[in-house]
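# An overview of the molecular structure
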Amino acid sequence: MFAKPVPGRTTAAAEGDVVVLLIGMRVNHFWAVHQWLPVMLSMFRMLGELARDRRRGLLGRILLTASPRTYYVVQYWESKEKLYAYATAPDAFHHRVWALVNRKERAGKVRGHVGIWHETYVVPEGSYEAIYGDMPAFGLAAAHGQVPLEKRGRYAKDRFAHRSGGDVRA
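Conventions we followed
- Residues numbered from 1 in each chain as written.
- Predicted model: local features only at pLDDT ≥ 70, side-chain atom pairs only at ≥ 80, totals over all residues.
- Heavy atoms only, no water.
- Salt bridge = Lys/Arg side-chain N within 4 Å of Asp/Glu carboxyl O.
- Buried < 20%, exposed > 50% of the residue type's maximum accessible area, 1.4 Å probe, protein only.
- Pairing = 2+ DSSP bridges.
- Helix = DSSP H or I, 4+ residues; strand = E, 2+ residues; numbered from the N terminus.
- Axes fitted to C-alpha atoms, helices over the stretch in contact; angles between N-to-C directions.
- Contact = heavy atoms within 4.5 Å.
- Polar contact = N/O pair within 3.5 Å; in protein donor to acceptor, adjacent residues only side chain to side chain.

What follows concerns the pattern of salt bridges. Applying the stated rule across the entire model yields seven salt bridges. Notably, a salt bridge pairs Asp53 with Arg55, separated by 3.1 Å at the nearest N-O pair. Owing to a relative accessible area of 68%, Arg55 belongs among the exposed residues under this scheme. For Asp158, the salt bridge is made with Lys157, and the minimal N-O distance between the two is 3.7 Å. Each of Asp53, Arg55, Arg56 and Asp91 takes part in salt bridges that share partners, so that together they form one network.

Printed below as a string of structure tokens:
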């Protein structure tokens, strides 16, 4: 449960483009527990479903809070195609939940007690870098693996210049 720190400085072993999904909810009315609690529990159920079937493409995730009202998950995916495939798969829990949300919205039964949101980013190779000091694998490194800093470069500019083919462009 508690990962031991990896001594020294490391970086993420990501190769190629990185797909990041930020997805969350905002509690607009704390007293409307019957509205926001099912949204929160649905997210946990989806994360469990994805953890049980790694072929769907979720590589890693971090649960975070932005305030007492706002909770979100940073997710790292193999590809945007796998993310889209999960979101639209008829056998996936997400598909059933989203259909329910859409039906409630069309029927005028969404009352603004809970807000939901997501942002998706496809980050091209050469447009991300990471450094971790005396940390267990976290974030991008937990999703893609962790390597000693020297493998990618001591400086951020060197890590940005890293290419999965092994060539380094300045």
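Below, the discussion takes up the sheet that holds strand β4 (residues 70–77). Adjacent strands of a sheet pair through backbone hydrogen bonds, lying either parallel or antiparallel. Ordered in space as β3-β4-β2-β5, the four strands form an open sheet in which the pairing is antiparallel. The two strands at the open ends of the sheet, each matched to only one other strand, are β3 (58–65) and β5 (114–123). This sheet shows a mean twist of 15 degrees between the axes of neighbouring strands, independent of strand direction. With seven bridges joining them, β3 and β4 adopt antiparallel strand pairing. Pairing of Gly60 across the sheet is with Tyr76, part of β4.

For the rest of this paragraph, the subject is the environment of His29. Relative to the assigned elements, His29 resides in the loop between β2 (18–27) and α1 (33–52). The spatial distance from the C-alpha of His29 to the C-alpha of Val114 is 7.0 Å, given a sequence separation of 85 residues. Residues within four places of His29 in sequence aside, it is in contact with Trp36, Arg69, Gly112 and His113. Looking at His29, its side chain comes within polar contact range of the side chain of His113, at 3.0 Å.

The next thing to look at is unusual backbone geometry. A positive phi angle, near 50 degrees, is found at Asp134, a position not held by glycine. Mapped onto the elements, Asp134 comes out in strand β6 (residues 132–135). With a relative accessible area of 51%, Asp134 lands in the exposed category.

Remember that the coordinates give geometry; whether it matters functionally is a separate question.
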